[in-house]
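Below, each chain spelled out in residue letters.
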Amino acid sequence: KYTDAVRREIYAPLYENNFTYRTFAHIKSMSDLLALNWMKIADHSPMPGHTIRDLQIRTKTGVSIVAVIRDEKLMPNPEPDYRFDRDDIIGVLCQSDQLQKFLDYTKLELI
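Only a predicted model underlies this, so the values are computations on that prediction, with no experimental measurement involved.

(A) Representation of the overall build of the chain in the model. Across its full length, the chain carries five helices and four strands. Listing each helix as α and each strand as β along the chain from the N terminus yields α-α-β-α-α-β-β-β-α. Counting the 111 residues in the chain, one finds 26% classified as buried. The contacts in the chain between residues at least 6 apart in sequence include a share of 68% that link residues at least 24 apart. For the chain, the accessible area works out to roughly 8,100 Å², and carbon and sulfur atoms hold 54% of it.

Below is the structure:
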């Protein structure tokens, strides 16, 4: 981190006026605020047998389910009518405070 900070300071005059560089730097800093987290659906969770829509996951927690792995097959961007099953592995995109709401709501643990 220190080396990156020194490098940014030294090269800043070259990049300050470069719109493309500023845009990509901004996108990178924003991406650090989001995290992709994976968890496995367990029996004790309220999720098996219910759809994304039924559970109102995004409304109640702010989390976006961006992937599901079932039987070793990846399903990116599942539809709201996707019905969860025990042992599905789900990938969620969220901020840290949203993740805790989601974990509390679903009774899941990170893997």
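Anyway, onward from the coordinates.
(B) Molecular detail of the side chain of S45. Relative to the assigned elements, S45 resides in the loop between strand 1 (35–40) and helix 3 (52–55). The class of S45 is buried, set by a relative accessible area of 6%. Only 3.2 Å separates the side chain of S45 from the backbone nitrogen of M47, close enough to count as a polar contact. Every residue in contact with S45, bar those within four places of it in the chain, is listed here: T106, K107 and L108.

(C) Region of the structure containing the packing of aromatic side chains. Tallying each qualifying case throughout the model produces one aromatic pair. Plain terms: the ring middles of Y82 and F84 are 5.5 Å apart, the flat faces sit at 75° to each other, and that makes the pair edge-to-face.

(D) Here's a closer look at the confidence of the model for the chain. Of all residues in the chain, 88% have pLDDT values of 70 or greater, and the mean over the chain is 88. Of all helices and strands in the chain, the one with the weakest mean pLDDT is helix 2 (residues 19–31) (69), whereas strand 2 (residues 64–70) scores best (97).

(E) Region of interest: the sheet that holds strand 1. Overall, antiparallel pairing links the four strands, which are arranged 1-4-2-3 in an open sheet. Among the strands making up the open sheet, the edge pair consists of strand 1 and strand 3 (73–76). Adjacent strand axes in the sheet meet at a mean angle of 20° when their direction is disregarded.

(F) Main features of unusual backbone geometry. Of note in this structure, D71 is not a glycine but carries a positive phi near 50°. Mapped onto the secondary structure, D71 falls in the loop between strand 2 and strand 3. The exposed category is assigned to D71, whose relative accessible area is 66%. The phi torsion at N77 lies on the positive side, around 45°, for a residue other than glycine. Mapped onto the elements of the fold, N77 is located in the loop between strand 3 and strand 4 (89–94). By relative accessible area, which is 56% here, N77 ends up exposed.

Rules of the game
- Residues numbered from 1 in each chain as written.
- Predicted model: local features only at pLDDT ≥ 70, side-chain atom pairs only at ≥ 80, totals over all residues.
- Heavy atoms only, no water.
- Helix = DSSP H or I, 4+ residues; strand = E, 2+ residues; numbered from the N terminus.
- Buried < 20%, exposed > 50% of the residue type's maximum accessible area, 1.4 Å probe, protein only.
- Contact = heavy atoms within 4.5 Å.
- Areas by Shrake-Rupley, 256 points an atom, 1.4 Å probe, with all protein chains shown as cover.
- Polar contact = N/O pair within 3.5 Å; in protein donor to acceptor, adjacent residues only side chain to side chain.
- Phe/Tyr/Trp six-rings, centres within 6.5 Å; stacked < 30°, edge-to-face > 60°.
- pLDDT = per-residue confidence, 0-100.
- Pairing = 2+ DSSP bridges.
- Axes fitted to C-alpha atoms, helices over the stretch in contact; angles between N-to-C directions.

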